[in-house]
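# Geometric and topological summary
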There are 2 protein chains.
Amino acid sequence: MIKEKGLSYTQAREELINLLLHASTPLSYDNIKNSLSMDKATFYRNTALFEAAEIISSFESNDKKRYYFIEQNLHPHFICTNCNSIECLKEDIIYALDGYKIESITIKGLCPECQKEN
Amino acid sequence: MIKEKGLSYTQAREELINLLLHASTPLSYDNIKNSLSMDKATFYRNTALFEAAEIISSFESNDKKRYYFIEQNLHPHFICTNCNSIECLKEDIIYALDGYKIESITIKGLCPECQKEN
DNA sequence: TTATTAAATGCGACTTAGTTGCATTTAATT
DNA sequence: AATTAAATGCAACTAAGTCGCATTTAATAA
Ligand SMILES: [Mn+2]
Ligand SMILES: [Mn+2]
Ligand SMILES: [Zn+2]
Ligand SMILES: [Zn+2]
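Quantities reported herein were computed from a predicted structural model and do not represent experimental measurements.

All names here are of chain A. Ligation of the zinc ion (ligand 3) by protein atoms is provided by Cys80 (SG), Cys83 (SG), Cys111 (SG) and Cys114 (SG), these donors lying 2.3 to 2.4 Å from the ion. Geometry at the zinc ion (ligand 3) is tetrahedral, judged from the 4 donor atoms that bind it and their angles of 105 to 118° at the metal. Counting residues between consecutive donors of the zinc ion (ligand 3) along the chain gives the motif C-x2-C-x27-C-x2-C. Of this pair, Cys80 sits in strand 3 (residues 77-80) while Cys111 sits in the loop between strand 5 (101-110) and helix 4 (112-116), placing them 31 residues apart in sequence.

Right, dumping it as structure tokens:
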């Protein structure tokens with residue numbers, strides 16, 4: 001995966017790709033900093049590189065943090081503006097936007113839990 | 001609009017609502033700071049208040065800035081990850097997410113301009 | 001209209017996710 | 001094994017947004 005894109009294969013990059021491959025939702029630096037052996041600067045330099053190489057995607061959540069993910073099938077992510085939880089929405093929503101290339105879709109609002117509380 | 005929600009009607013709030021009402025795309029503080037007579041703290045305190053009162057919505061773009069908008073019909077916004085431009089996507093896309101309340105939808109990717117350059 | 005008061009504002013200090021420069025280490029190639 | 005350009009760690013930095021507090025203003029009562 002890394003080598004296919006002509007990038008050199010380092011310990012840090014392997015570690016980062018593995019974490020993202022096995023995650024069930026997008027992850028921020030903050031989420032995984034304790035599982036990472038690399039420095040924060042290395043994390044961000046590599047995520048930027050992987051995004052440019054189109055190995056990973058990301059979005060900015062409500063909590064001012066960026067979340068990174070690797071996913072085979074394009075699906076929207078739901079972000080709760082109350083509790084900041086992030087969910088994968090597996091229901092297929094087809095976006096045919098002529099001339100645009102779609103990298104990620106985020107839907108913000110209130111999750112079922114938070115809506116009840118109102 | 002402001003009074004309907006039981007908020008007091010101040011010069012700063014009128015100014016802010018007017019700017020957002022007449023904007024053709026979502027706006028960040030940076031976009032309009034030169035047109036604003038209020039302080040940055042007041043801008044952010046009022047946007048937070050308006051969001052809580054459900055007068056405005058917002059999303060975090062790719063450039064780490066938050067964009068605010070008032071819109072009658074719910075439609076997605078497209079954010080180009082290359083040039084950071086923001087567009088309203090008027091084509092109606094119906095999201096029926098049972099149990100969720102949807103406040104905003106953002107689609108990220110490459111706009112037609114930036115995709116050509118590749 | 002004026003007096004009262006709680007809420008709104010401006011200002012400066014602060015927070016914090018992410019970035020950058022530079023010295024050191026490491027992966028890739030010879 | 002030697003070479004070298006790229007990758008990394010560290011510490012300093014940047015900038016969007018937040019917060020405390022003194023001052024001003026909107027709303028209400030007199
Ligand atoms: Mn997902
Ligand atoms: Mn719009
Ligand atoms: Zn929630
Ligand atoms: Zn673009």
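Read on for the rest.
To continue, consider helix 3 (residues 40-52) of chain B. All names here are of chain B. Taking 1.5 Å per residue, 13 residues should reach 18 Å; helix 3 reaches 18 Å between its end C-alpha atoms and fits that length. Along helix 3, the positions that sit buried rather than exposed are Phe43, Asn46, Thr47 and Phe50. Projected onto a plane normal to the axis of helix 3, the buried residues spread over an arc of 105° and lie on a single side. Exposed residues on helix 3 whose side chains face more than 90 degrees from its buried face are Arg45 and Ala52. Measuring from the backbone nitrogen of Ala41 back to the side-chain oxygen at the start of helix 3 gives 2.9 Å, which picks out Asp39 as the cap. Phi for Glu54, located one or two positions after helix 3, is positive at around 60°.

All names here are of chain B. Read across the sheet, 3 strands follow the order 1-3-2 without closing on themselves; strand pairing throughout is antiparallel. If you trace the sheet from one side to the other, it starts and ends with strand 1 (27-28) and strand 2 (57-60), each paired once. Sheet analysis places strand 2 next to strand 3 (residues 66-69), joined by 4 bridges and oriented antiparallel. Paired with Ser58 across the bridge in strand 3 is Tyr68. In the packing of helix 3 onto the sheet, the strands contacted are strand 1, strand 2 and strand 3, and the crossing angle to strand 3 comes to about 55°.

Glancing now at unusual backbone geometry. All names here are of chain B. With a phi close to 60°, Glu54 is a non-glycine residue in the positive phi region. For Glu54, the position within the fold is in the loop between helix 3 and strand 2. With a phi close to 65°, Asn84 is a non-glycine residue in the positive phi region. Residue position: Asn84 is located in the loop between strand 4 (77-80) and strand 5 (86-88). Using a relative accessible area of 29% as the deciding quantity, one classes Asn84 as partly exposed.

All right, on to the environment of Phe69 of chain B then. Residues and elements named next belong to chain B. Inspection of the secondary structure assignment puts Phe69 in strand 3. For the pair Phe69 and Ala23, spaced 46 residues apart in sequence, the C-alpha separation works out to 7.9 Å. When neighbours within four sequence positions are excluded, Phe69 is seen to be in contact with Pro26, Ile56, Ser57, Ser58, Phe59, His77, Glu103 and Ser104.

Glancing now at the relation of the copies chain B and chain A. For the match of chain B to chain A, the screw axis carries a shift of 0.0 Å, the RMSD comes to 0.1 Å, and the turn is 180°. Here the copies are linked by what is in effect a two-fold axis. Measuring from the rotation axis to each C-alpha of chain B, the shortest distance belongs to Thr106 of chain B, at 2.6 Å. Take the interface residues of chain B: 100% of them recur as interface residues in chain A, which is what a same-surface contact looks like.

Conventions we followed
- Residues numbered from 1 in each chain as written.
- Chains lettered and ligands numbered in written order.
- Predicted model: local features only at pLDDT ≥ 70, side-chain atom pairs only at ≥ 80, totals over all residues.
- Heavy atoms only, no water.
- Donors = N, O, S within 2.8 Å, 3.2 Å for Na, K, Ca; no water.
- Tetrahedral: all angles 85-135°; square planar, octahedral: opposite > 155°, others 65-115°.
- Helix = DSSP H or I, 4+ residues; strand = E, 2+ residues; numbered from the N terminus.
- Expected span 1.5 Å × (residues − 1).
- Buried < 20%, exposed > 50% of the residue type's maximum accessible area, 1.4 Å probe, protein only.
- Arc of directions from axis to C-beta.
- Polar contact = N/O pair within 3.5 Å; in protein donor to acceptor, adjacent residues only side chain to side chain.
- Pairing = 2+ DSSP bridges.
- Contact = heavy atoms within 4.5 Å.
- Axes fitted to C-alpha atoms, helices over the stretch in contact; angles between N-to-C directions.
- Least-squares fit on C-alpha atoms with pLDDT ≥ 70 in both.

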